[in-house]
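# Chains, contacts and geometry: an overview
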Amino acid sequence: MSRPYNLHSSSVIILVQAKPYSVVQWKQIRRRLILPPPSHGPDQRLPRRAPPRHPHPTPLPHAAARTSLLSRRWTRVWAGLPVLDFEGSYKEPHDFMDSVDAALAAFSAPAVRRLQIAVPNSDVPAATRVAPWLRFASQRLVGTLYLHVRYPWSWAAAAGRPVQEIELPVCDAASRITLDLSLRWRLQIQPAPSFAALSDLEIKGATMEARVLEDLVSSQCPNLRNMILKLSLVASSNVSIRSKSLSSLTYHVSKTSRIEVVARKLEVLSVRSADEARISAPKLAEVHVFGGPRPYKFVKAPRHLQLLDVRNISASLVQHFDKVEKLKLGVFIQGIKEYKSFVAATKKLPVSDILHVSWQCLKPRCHGFVPSMLHILRRCNGTRRLTVNYYCYGTSASPSMICSCPASCPCRLPESCNTDDITLNLLEEVEINFVEGSPDEVELFVKQLSKCNAPVLKKVAINYRARHDTLITKELCAKVRSMCRQDLNVEFNMT
């Protein structure tokens, strides 16, 4: 018997099952649903249940029904309910789609508050098979639409599959739409009218033309507040997004040559895969940027942020802001040229109360962890708390070897490890998460950190993973503590 579904007091979840239920199974289902016995007749009303104490629907015991076997009495149980959730077994995707078709055809209520369909991941159906579900949503939906048809998971697996077009008809009463689509589907949007009630939109996996994407956001969604885009353009293009209502934007769209965002209410922005960006957002509070250093220009944005998260440091990005409450930096250096770019990009950093650094390298082409961290600390006099994630891969053969780069690299100069010019007047606490790499690097960093002018620094916590339990010995703890000043509390933790 396939896995059953929870049946809520205000919704029904229909299970796809290849084989009919046995008589015993049907009796169990009827008993769990609190249905009256068959002798009560087709017109007997269902017993009323007491209202739930919790404001959300309280799930009944597991129950399931196969659409193709439903009698008229069963149809009365679910066909008028305002929420439909469909989830199928990965073993019978075609039976699942047949059952969804039958259930939507039998649905009698004038409107549905939520329509959720998760197609099994065993194979991707034809776009023409899914199109009627979207037409049903455009006619009946007054709330949330969730459609998941994601297989194959990668572009490599999708290679060779034909491109199929699928159109999202206008759902003028939909408030939230989430589409997790096949990578080989090209999403088209019905040009008119608008998605007047739509406040939250998320599209993953599909491809779109730049023009279609621009029209959707800038013209067809006048009340859109939150948008997540994780897809690909059909061809490399410039994209312009203009919105008077958007407050949160996640733009992870490959093949974007240049992204322009003009949004007067935008507060949260996340960008990935864009070669260039131009941002006009006077209320911006959080910025997340992924990918290599690229020219990002903020023409109208505040100089003070709550959060700046930069996975690969760009001078044009970090030097625009004067102060951030929390600064997150990702450092990945693989050559002399990259190290020089890192030094140039971090000549000026915004003042931050909390600093979080994720330092990564890949041996043998990596640069010293200690010089890189000290270079950052020279520009962080206002930091109160420091967190460092240390990743150094390729160290299994000689885990005690300190990272080394060519002798000509600037990070090998003696002054790169000098601490006389580092003042950390506000630093109170340091946390180091040892994920992978050489423990000698971490020990050396703690030693140099204790030499900095940090008058209020009282605690340094070094967290190791459970697989590194052999590294934490009494000798190691004693050695590290002996390197530090006596009033500094150094903790070793296993996570």
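Described below are features of the structure shown in this document. Fair warning: this is a prediction, and the values are worked out from it, not measured in the lab.

## Quick word on the nonpolar core
Among the nonpolar cores identified, the biggest contains 130 residues, and Leu115, Leu187 and Phe195 are the most heavily contacted of them. Not counting residues within four places of it along the chain, the set of residues in contact with Leu187 comprises Ile166, Leu168, Leu179, Leu181, Ile203, Ala206, Thr207, Met208 and Val212.

## Observations regarding the packing of helix H8 (residues 336-345) against helix H9 (residues 369-377)
Interaxial distance between H8 and H9 falls to 10 Å at its minimum, and their mutual angle equals 15°. For the element pair H8 / H9, the angle class is roughly parallel. Relative to H9, the crossing made by H8 is right-handed. Contacts between H8 and H9 involve Tyr339, Phe342 and Val343 from the former and Pro371, Ser372, His375 and Ile376 from the latter. Here the contact of H8 with H9 is built from residues that sort into five nonpolar, two polar and no charged.

## Side note on the environment of His356
Within the element layout of this structure, His356 appears in strand E17 (residues 351-362). Distance in space between the C-alpha atoms of His356 and Glu431 is 9.4 Å, their sequence separation being 75 residues. In this structure, His356 is in contact with Leu327, Lys328, Leu329, Thr387 and Asn389, ignoring residues within four places of it in sequence.

## Let's talk about helix H6 (residues 210-218)
When H6 is considered as a whole, its buried residues turn out to be Ala210, Val212, Leu213, Leu216 and Val217. Taken around the axis of H6, the buried residues stretch over an arc of 160°, which confines them to a single face. Where H6 is buried, its residues meet strand E7 (185-189), strand E8 (200-208), strand E9 (226-243) and strand E10 (248-263).

## So, the pairing of strand E6 (residues 176-180)
For E6, the tally of buried residues reaches four of five residues, placing the bulk of the element in the interior. In terms of strand pairing, strand E4 (residues 141-148) meets E6 through five bridges, oriented parallel. Residue His148 lies in a different strand from E6, and its bridge partner there is Asp180. The pairing of E6 with E8 spans five bridges and is parallel. Looking at the pairing, Asp180 lines up with Lys204 of E8.

## With respect to the side chain of Ser232
With respect to the element layout, Ser232 can be found in strand E9. According to the relative accessible area criterion, Ser232 is buried, its value standing at 3%. In this structure the side chain of Ser232 is engaged in a polar contact, spanning 3.1 Å, whose partner is the side chain of Ser254.

## Some thoughts on a positive patch on the surface
There is a patch of like positive charges on the surface, built from Lys244, Arg264, Lys265 and Lys283. Structurally, Lys244 can be placed in the loop between E9 and E10.

## With respect to the packing of H9 against helix H10 (residues 439-451)
Remark: H9 packs on H10, axes separated minimally by 9 Å, with the N-to-C direction vectors making an angle of 35°. In this structure, H9 meets H10 at a crossing whose hand is right-handed. Judged by residue contacts, Phe369, Val370, Met373, Leu374 and Leu377 of H9 engage Glu441, Leu444, Phe445, Gln448 and Leu449 from H10. Here the contact of H9 with H10 is composed, by residue class, of eight nonpolar, one polar and one charged.

## Points about the packing of aromatic side chains
A ring pair, where both rings are aromatic, is described by two values, the distance of the centres and the angle of the planes. Following the criterion strictly, the structure yields nine aromatic pairs and no others. Residues Trp359 and Phe369 carry aromatic rings whose centres are separated by 5.1 Å and whose planes lie at 65° to one another, so their mutual orientation is edge-to-face. With Trp359 in strand E17 and Phe369 in helix H9, this pair connects stretches of sequence that are 10 residues apart. Of the two residues examined, Trp359 and Phe369, each falls in the buried class. Relative to Tyr390, the ring of Trp359 has its centre 5.7 Å away and its plane inclined at 5°; by these criteria the two rings are stacked. Of the two residues, Trp359 sits in strand E17 while Tyr390 sits in strand E18 (residues 385-393), which places them 31 residues apart along the sequence. Relative accessible area serves as the criterion here: at 1%, Trp359 is assigned to the buried category. Three or more aromatic residues joined by ring pairs form one cluster here, namely Trp359, Phe369, Tyr390, Phe434, Phe445 and Tyr464.

Conventions we followed
- Residues numbered from 1 in each chain as written.
- Predicted model: local features only at pLDDT ≥ 70, side-chain atom pairs only at ≥ 80, totals over all residues.
- Heavy atoms only, no water.
- Core = buried A, V, L, I, M, F, W, Y, C linked by side-chain atoms within 4.5 Å.
- Buried < 20%, exposed > 50% of the residue type's maximum accessible area, 1.4 Å probe, protein only.
- Contact = heavy atoms within 4.5 Å.
- Axes fitted to C-alpha atoms, helices over the stretch in contact; angles between N-to-C directions.
- Helix = DSSP H or I, 4+ residues; strand = E, 2+ residues; numbered from the N terminus.
- Parallel < 35°, antiparallel > 145°, perpendicular 65-115°, else oblique.
- Left-handed = near helix turned anticlockwise from the far one by under 90°.
- Nonpolar A, V, L, I, M, F, W, Y, C, P; charged D, E, K, R; others polar.
- Arc of directions from axis to C-beta.
- Pairing = 2+ DSSP bridges.
- Polar contact = N/O pair within 3.5 Å; in protein donor to acceptor, adjacent residues only side chain to side chain.
- Patch = residues over 30% accessible without salt bridge, like charges linked within 9 Å, V, L, I, M, F, W, Y side chains within 5 Å.
- Areas by Shrake-Rupley, 256 points an atom, 1.4 Å probe, with all protein chains shown as cover.
- Salt bridge = Lys/Arg side-chain N within 4 Å of Asp/Glu carboxyl O.
- Lys, Arg positive; Asp, Glu negative; His and termini not counted.
- Charge placed at Lys NZ, Arg CZ, Asp CG, Glu CD.
- Phe/Tyr/Trp six-rings, centres within 6.5 Å; stacked < 30°, edge-to-face > 60°.

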